[in-house]
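# Understanding the architecture of this molecule
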Amino acid sequence: MNTTIAALTFRALLGRRRVLLLLPMPALLIGLTLIAQSSPAFIDEWGPVVFAQLGLGVILPLTALVVGSSVLGLEIEDGTITHLLTKPLPRHEIIVAKLAVAWSVTTVATAVPLTAAALITGSAALAAGLVLGAAVGALAYTAGFLALSLLTRRPVAVGLVYIILWENLLTTFVAGTRILSIREQAVALSDSVAGTTWLPTHLNPVAALILAAVLTAIGILGATARLRSYSLSGETS
């Protein structure tokens, strides 16, 4: 991995206003957990909603979308991608460096509030499981959204449609789509460590890990192939 590109990307990402969109989501997750924990409701009632549906089903993919579509997509928008294209660097090296930044930022931004929320319930196993699910899910999501930023000029809009329709609606009502859902893969891996009833899953954790790896590889290969088609003007050739 090219550490220079990664360092420059990290600094540029934190300087973008779009990253400010990430701030309310952790506060929402922790706030809802505190309210639910202090209420008379049992955790079996609200746990799946807070951790699986909100945490891994909404906050994780939204964070990955904002970050994954920004690490390279904003450079394409403002034309600074040409600076990278003039460097004698393999395209896959650029993609891997960008993905490493997107993955690490997304993982921290989601795993930290998920861990805090889990510890509020008093379950260290749940916290560990959520960290695993968030890390693997973040990698698969950011790889896909990074590739998406190279395929369309509206990656955020397209990504939102994907999150709402595929990850939340179709996987809820159409059982056959769950195997290709990154959210379901993240929940399955989280549940394999947490061992609770608060993370309802339909996938075997081994299968979930393999599928997440395959989707990540597809995202990396697709992004690399697409970046190779860009000319020095920043347009596809």
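These remarks concern the structure in this document. (Residues numbered from 1 in each chain as written. Predicted model: local features only at pLDDT ≥ 70, side-chain atom pairs only at ≥ 80, totals over all residues. Heavy atoms only, no water.)

## Section: the overall build of the protein
Within the protein one finds ten helices and zero strands. When the helices and strands of the protein are placed in sequence order, the string is α-α-α-α-α-α-α-α-α-α. At 18 Å, the protein has a C-alpha radius of gyration in line with the 18 Å of a compact globule built from 237 residues. C-alpha atoms of the protein, sized along the principal axes, occupy 60 × 35 × 30 Å. Of all 237 residues assigned to the protein, the portion counted as buried reaches 49%. When contacts within the protein are restricted to residue pairs at least 6 apart in sequence, long-range pairs at least 24 apart make up 75% of them. When the accessible surface of the protein is totalled, it reaches about 10,800 Å², and 71% of it is carbon and sulfur. The average position of the 13 basic charges and that of the 10 acidic charges among the side chains of the protein differ by 12 Å. (Helix = DSSP H or I, 4+ residues; strand = E, 2+ residues; numbered from the N terminus. Rg over C-alpha atoms; globule rule 2.2 N^0.38 Å. Buried < 20%, exposed > 50% of the residue type's maximum accessible area, 1.4 Å probe, protein only. Contact = heavy atoms within 4.5 Å. Areas by Shrake-Rupley, 256 points an atom, 1.4 Å probe, with all protein chains shown as cover. Lys, Arg positive; Asp, Glu negative; His and termini not counted. Charge placed at Lys NZ, Arg CZ, Asp CG, Glu CD.)

## Focus: the nonpolar core
With 61 residues, the main nonpolar core has Phe51, Leu72, Leu126, Leu130, Leu150, Leu199 and Leu227 as its most contacted residues. For this core, the elements supplying multiple residues, two or more each, are α1 (3–14), α2 (24–38), α3 (43–68), α5 (81–85), α6 (91–120), α7 (124–151), α9 (182–194) and α10 (205–228). By size, the runner-up hydrophobic cluster in this structure holds six residues, among which are Val136, Ala188, Leu189 and Ala212. (Core = buried A, V, L, I, M, F, W, Y, C linked by side-chain atoms within 4.5 Å.)

## Describing the packing of aromatic side chains
The tally for this structure, following the rule as stated, stands at three aromatic pairs. A ring pair is formed by Trp46 and Phe51, whose centres lie 6.2 Å apart and whose planes are at 40°; its orientation type is tilted. Accessibility assignment for this pair places Trp46 and Phe51 in one class, buried. Pairing Phe145 with Tyr162 gives two aromatic rings, centres 6.1 Å apart and planes at 75°, and the pair type is edge-to-face. Of the two residues, Phe145 sits in helix α7 while Tyr162 sits in helix α8 (residues 155–173), which places them 17 residues apart along the sequence. Here the aromatic cluster, defined as three or more aromatic residues joined through ring pairs, consists of Tyr141, Phe145 and Tyr162. (Phe/Tyr/Trp six-rings, centres within 6.5 Å; stacked < 30°, edge-to-face > 60°.)

## Things to note about the pattern of salt bridges
Under the definition given, this model contains one salt bridge. Here Arg183 makes a salt bridge to Glu184, at a shortest N to O gap of 3.3 Å. Neither Arg183 nor Glu184 differs from the other in exposure class; each is buried. (Salt bridge = Lys/Arg side-chain N within 4 Å of Asp/Glu carboxyl O.)

## A word on the side chain of Glu167
Mapping Glu167 onto the fold places it in helix α8. Buried within the structure, Glu167 lacks any salt-bridge partner; Arg183 is the closest side chain of opposite charge, at an N-O distance of 5.0 Å. Polar side-chain contacts of Glu167 include one of 3.1 Å to the backbone nitrogen of Ile182. Polar contacts involving the side chain of Glu167 include one to the main-chain amide nitrogen of Arg183, which spans 3.2 Å. Once residues within four sequence positions are removed from consideration, Glu167 is found in contact with Tyr141, Tyr162, Ser181, Ile182 and Arg183. (Polar contact = N/O pair within 3.5 Å; in protein donor to acceptor, adjacent residues only side chain to side chain.)

## Some words on the packing of α9 against α10
Direction vectors running N to C along α9 and α10 enclose 140°, while the axes themselves pass 9 Å from each other. Comparing the axis directions of α9 and α10 gives the class oblique. Between α9 and α10 lies a crossing whose hand is left-handed. Of α10, the residues touching α9 (which contributes Ile182, Gln185, Ala188, Leu189 and Ser192) are Pro205, Ala208, Leu209, Leu211, Ala212 and Leu215. When its residues are assigned to classes, the contact of α9 with α10 shows nine nonpolar, two polar and no charged. (Axes fitted to C-alpha atoms, helices over the stretch in contact; angles between N-to-C directions. Parallel < 35°, antiparallel > 145°, perpendicular 65-115°, else oblique. Left-handed = near helix turned anticlockwise from the far one by under 90°. Nonpolar A, V, L, I, M, F, W, Y, C, P; charged D, E, K, R; others polar.)

## Considering the packing of α2 against α6
Orientation of α2 relative to α6, taken along the N-to-C sense of each, is 10°, at an axis distance of 9 Å. By the angle between their directions, the pair α2 and α6 is classed as roughly parallel. Between α2 and α6, the contacting residues are Pro26, Leu29, Ile30, Thr33, Leu34 and Gln37 on the first element and Ala109, Pro113, Leu114, Ala116, Ala117 and Ile120 on the second. A class-by-class count of the residues in the contact of α2 with α6 yields ten nonpolar, two polar and no charged.

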